[in-house]
Amino acid sequence: MPDPTSLEIVSAHSPDSDDAFMFYGLATKKVRSPRVSFRHVLSDIETLNRKAMEGVYDLSAISYHAYPYVVDKYVLMASGSSVGDGYGPMVVALHPMEPSEIKGKKIAIPGTLTTAYLSLKIFEPDFESVIVPFDKILETVQQGGADAGLIIHEAQLTYNKVGFHRVLDMGKWWKEKYELPLPLGGNVLLRSLPEDVKSECCRMMRESIQYALDNHAEALEYALQFARDMDPRLAEKFVGMYVNHYTVDAGELIPKAVKKLLDLGHEVGLIPTRTEIEFAR
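Position labels on residues start from 1 in each chain and follow its written sequence. Local features are withheld for residues below a pLDDT of 70 in this predicted model, meaning they are given only at 70 or higher, and side-chain atom pairs are given and counted only at 80 or more; totals for whole chains, interfaces and linings count all residues. Each side-chain value is worked out from all heavy atoms of the structure, with water and hydrogens disregarded.

## Looking at the overall build of the protein
- If you tally the helices and strands in the protein, you get 13 helices and 12 strands.
- For a compact globule of 281 residues, the expected C-alpha radius of gyration is about 19 Å, and the protein comes in at 18 Å, within 12% of that figure.
- Dimensions of the protein, computed from the C-alpha atoms along their principal axes, are close to 60 × 40 × 30 Å.
- Accessibility here uses a 1.4 Å probe with only protein chains present; expressed as a share of the type maximum, an area under 20% marks a residue as buried, one over 50% as exposed, and anything in between as partly exposed. Considering the protein as a whole, with its 281 residues, one finds that 57% of them fall into the buried category.
- Restricting the contact set of the protein to residue pairs at least 6 apart, pairs at least 24 apart contribute 78%.
- Residue burial considers only the protein chains on display, and all accessible areas are found by Shrake-Rupley using a 1.4 Å probe. When the accessible surface of the protein is summed, it comes to about 12,000 Å², and 50% of that surface belongs to carbon and sulfur atoms. Strands here are runs of E lasting at least two residues and helices are runs of H or I lasting at least four, both read from the DSSP assignment and numbered beginning at the N terminus. The quantity called the radius of gyration is restricted to C-alpha atoms. Its globule counterpart is 2.2 Å times the number of residues to the power 0.38. For this analysis, residues touch if any pair of their heavy atoms sits within 4.5 Å.

## A few points about the sheet that holds strand S8 (residues 128–131)
- DSSP calls a pair of strands paired once it identifies at least 2 bridges connecting them. Spatially, S8-S7-S9-S6-S10 is the arrangement adopted by the five strands of the open sheet, whose pairing is mixed. The strands lining the two open edges of the sheet, one partner per strand, are S8 and strand S10 (165–169). Strand-to-strand twist in this sheet, taken as the mean axis angle between neighbours without regard to direction, amounts to 30°.
- Each of strand S6 (90–93), strand S7 (106–109), S8, strand S9 (148–151) and S10 is contacted by helix H5 (residues 115–123), which is oriented at about 125° to S9, the strand it contacts most.
- Sitting on the sheet, helix H8 (residues 170–178) touches S6, S9 and S10, and the angle it makes with S10 is about 35°. Throughout, an axis means a line fitted to C-alpha atoms (over the contacting stretch in the case of helices), and angles, computed between N-to-C directions, take values from 0 to 180 degrees.

## Concerning the pairing of S6
- Of the two faces of S6, the one lined by Met90 and Val92 and the one lined by Val91 and Ala93 are each fully buried.
- Relative to S9, S6 is paired through three bridges, and the arrangement is antiparallel. Across the sheet, residue Val91 finds its bridge partner in S9, namely Leu150.
- Note that S6 and S10 share four bridges and pair antiparallel.

## Considerations on the confidence of the model for the protein
- Confidence scores labelled pLDDT are given residue by residue by the predictor and lie between 0 and 100. Of all residues in the protein, 97% attain a pLDDT of 70 or more, and the chain-wide mean is 92.
- Within the protein, helix H7 (residues 155–158) has the poorest average pLDDT of any element, 80, and strand S4 (residues 74–77) the best, 98.

## Overview of the environment of Val268
- You can see Val268 is positioned in the loop between helix H13 (253–267) and strand S12 (279–280).
- Residue Val268 is classed as partly exposed on the basis of its relative accessible area of 36%.
- Other than its neighbours up to four places away in sequence, Val268 contacts Lys121 and Ile122.

## Thoughts on unusual backbone geometry
- Backbone geometry places Lys29, a non-glycine residue, at a positive phi of 65°.
- Tracing the backbone shows Lys29 in the loop between helix H2 (24–27) and strand S2 (36–42).
- In the Ramachandran plot, Glu179 falls in the positive-phi region, its phi being about 55° despite a non-glycine side chain.
- For Glu179, the position within the fold is in the loop between H8 and strand S11 (182–190).
- Accessibility expressed as a relative area gives 67% for Glu179, which makes it exposed.

## A short note on the packing of helix H9 (residues 195–214) against helix H10 (residues 216–223)
- Two elements in contact, H9 and H10, have axes whose closest approach is 5 Å; the angle formed by their N-to-C orientations is 105°. Considering the angle they form, H9 stands roughly perpendicular to H10. In contact with Tyr211, Ala212, Leu213 and Asp214 of H9, H10 contributes His216, Glu218 and Ala219.
- Residues are grouped as follows: Ala, Val, Leu, Ile, Met, Phe, Trp, Tyr, Cys and Pro are nonpolar; Asp, Glu, Lys and Arg are charged; every other residue, Gly included, is polar. A per-class count over the contact of H9 with H10 returns four nonpolar, one polar and two charged. Comment on the angle field: the value is read as roughly parallel under 35 degrees, roughly antiparallel over 145, roughly perpendicular from 65 to 115, and oblique elsewhere.

## Section: H8
- What H8 keeps buried is the set Met170, Gly171, Trp173, Trp174 and Tyr178. Looking straight down H8, one finds that the buried residues subtend no more than 160° of arc, so they occupy a single side.
- The inward-facing, buried residues of H8 contact S6, H5, S9, S10, S11 and H13.
- Any pair of nitrogen or oxygen atoms within 3.5 Å is treated as a polar contact; in protein, a donor-acceptor pairing is required on top of that, and neighbouring residues in sequence qualify only through side-chain atoms on both sides. Sitting at the amino-terminal end of H8 is Asp169, which places a side-chain oxygen 2.9 Å from the backbone nitrogen of Gly171.
- Following H8 by one or two positions, Glu179 has its phi on the positive side, about 55°. This arc is built from the directions going out from the helix axis to the C-beta atoms.

Shown next as structure tokens:
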């Protein structure tokens, strides 16, 4: 039973293997606190982005693209970032296509607040968006609803098995052009929480991620429940791609990369104002 004197933090994250892996220590009470207890809510990332705009949850995973729209309510957490270092969301199509051919095409996207969408808009502002759930993107392209699809999550490792060709890897392009990793998602905390509670949440989040990395086999077994019937070896690869040293602590490089991403989003007219980047520890 939770301590009746502790504060319950409602923590929202996506039902994905990488998020499940990093929240393993918290979800299974391997990491705990006398001051703070966690209640977990699972939802897809675009829904979480929208909920964060309303300040619904105490702690939430969001896309970095969404941060300018929630900065008045939330502060970023230094722990919990999903970062693609030379890899990331991809544009795929049923036929080979050059990246330059994306211009003017109809592209299925997983939501307009995703970082995948923002990075593609920075690469090529001129395309027609078809918004569909992230797990319906390949199907939408197969059925002729779009010329290409912008894929996130595990589809990055499985698209070629169902007849798709990679057109553009956003993380690879970003790394080559800006010499930075691509920050895709992070965690945020309500600014209205007491400072000591924010600090305790940051500590627990950091320790949960470190616990999962230190106890890899058991954390991975837990995370496989959320891998949507994915092959365990591919799920392990996916978790390894997006839960790494940047996830434990964003350091100095990830705030720099986030600033670059959001500034470019402003320059292409997608983000209305420049955003100051603030990470809590």
